[in-house]
2 protein chains.
Amino acid sequence: MLNPSAADPAPIFAALGDRTRLALLGKLADGQARSISALSLDTALTRQAITKHLHVLQDAGLVASLRVGRESRFAARRETLDEARAYLDRVSAQWDETLGRLKAFVEG
Amino acid sequence: MLNPSAADPAPIFAALGDRTRLALLGKLADGQARSISALSLDTALTRQAITKHLHVLQDAGLVASLRVGRESRFAARRETLDEARAYLDRVSAQWDETLGRLKAFVEG
DNA sequence: ATGATAAGCAACCTCCTGATTGCGCATTCA
DNA sequence: TGAATGCGCAATCAGGAGGTTGCTTATCAT
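Throughout what follows, the structure given in this document is the object of discussion. (Residues numbered from 1 in each chain as written. Chains lettered and ligands numbered in written order. Predicted model: local features only at pLDDT ≥ 70, side-chain atom pairs only at ≥ 80, totals over all residues. Heavy atoms only, no water.)

**Side note on the pattern of salt bridges**
Any two side chains of opposite charge can pair, on the condition that their charged atoms come close. Counted under the stated rule, the structure contains 14 salt bridges over all chains. A salt bridge links Asp82 of chain A to Arg78 of chain A; the shortest N-O distance between them is 3.4 Å. You can see Asp82 of chain A and its partner Arg78 of chain A sitting in helix α5 (residues 78–96), 4 residues apart, about one turn around the helix. Given the relative accessible area of 17%, Arg78 of chain A is considered buried. Each of Arg78, Asp82 and Arg85 of chain A together with Asp89 of chain B takes part in salt bridges that share partners, so that together they form one network. (Salt bridge = Lys/Arg side-chain N within 4 Å of Asp/Glu carboxyl O. Helix = DSSP H or I, 4+ residues; strand = E, 2+ residues; numbered from the N terminus. Buried < 20%, exposed > 50% of the residue type's maximum accessible area, 1.4 Å probe, protein only.)

In structure tokens, the structure reads:
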């Protein structure tokens, strides 16, 4: 299985837990693949910093890369984000089954 | 506004990006409030380690604590998890608007 | 062939994180 | 009152995260 963190969503959330990386995902949200240089524009960070962040996203499965000529293009991956969504939905559903939470909070 | 990270979901995801903390949220998923000691059972970690993780979750707004006698009880907070869900849903919806992503991935 | 552009690699640095240990304080119970 | 329980605080430590700089390699255009 090449899919990273199939049954452990923590690495996915960890990858999402950074402003810069969320911004990168935002830039890739239109579905277009972009080179590292393109993704480094409008950023205070260096190209290498962006590269590292992209690799973190890639290790988490949130983006995929493809080398085209001298540039390597990154695109967002749908599946992994859906994994994270599914996990939160599951937790949320579990919480839904328990009412009177505030009551229990006081009474223990 | 006391609500942490109202417009910046990164800290929420960062808090979720740890196995131990996800496990803690799992234990609290039944809506019951639990003491630190109770949450430290069935764990290889020390009580202090659990305490730190709980504070991380609290700073992110994912749990709330209440001191009762000599114990401090933690309970899951619904709102912040919903924030994270809403964010992922927004991103996902944005991605939905763009078809032919794989096509664009090659063509750039 | 030459120069510019895109990216990779490696070393380095600072700061944060996860975790431990040791101790002290408050609360409950016998 | 005295012992046990639950917790907080502080110091400490190893390792990883985020970021930079410097250099090299590959590709494209002229």
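**Observations regarding the relation of the copies chain A and chain B**
Mapping chain A onto chain B leaves a residual RMSD of 0.0 Å; the transformation is a rotation of 180 degrees accompanied by 0.0 Å of translation along its axis. The transformation just described matches what one would write down for a two-fold rotation axis. A shared binding surface is used by both copies, with 98% of the interface residues of chain A retained as interface residues in chain B. (Least-squares fit on C-alpha atoms with pLDDT ≥ 70 in both. Contact = heavy atoms within 4.5 Å.)

**Overview of the sheet that holds strand β3 (residues 71–76) of chain A**
All names here are of chain A. Sheet architecture is open: 3 strands sit in the order β1-β3-β2, paired in antiparallel fashion. One side of each edge strand has no neighbouring strand; the edge strands of this open sheet are β1 (34–35) and β2 (63–68). Relative to β3, β2 runs antiparallel, the two being bridged by 6 bridges. Counted as the bridge partner of Arg67 is Ser72 from β3. (Pairing = 2+ DSSP bridges.)

**What to know about the protein's contact with DNA strand C**
For DNA strand C, the set of nearby residues contains 21 residues, the closest of which are Ser37 and Arg70 of chain A together with Thr46, Lys52 and His53 of chain B. By atom count, sugar and phosphate contribute 62% of the portion of DNA strand C lying within 4 Å of the protein. At 2.4 Å from a phosphate oxygen of DNA strand C is found a side-chain nitrogen or oxygen belonging to Ser37 of chain A. Between Gln48 of chain B and DNA strand C, the recorded distance is 3.1 Å, taken from a side-chain N or O atom to a base oxygen. Of all the secondary-structure elements, those providing two or more residues to the surface near DNA strand C are α3 (36–40), α4 (47–59) and β3 of chain A together with α4 (47–59) of chain B. At 4 residues, the largest contribution of residues to the surface near DNA strand C is made by α4 of chain B. Partitioning the surface near DNA strand C into residue classes produces 4 nonpolar, 9 polar and 8 charged. (Near = heavy atom within 4 Å. Polar contact = N/O pair within 3.5 Å; in protein donor to acceptor, adjacent residues only side chain to side chain. Nonpolar A, V, L, I, M, F, W, Y, C, P; charged D, E, K, R; others polar.)

That is the geometry; function is a separate question.
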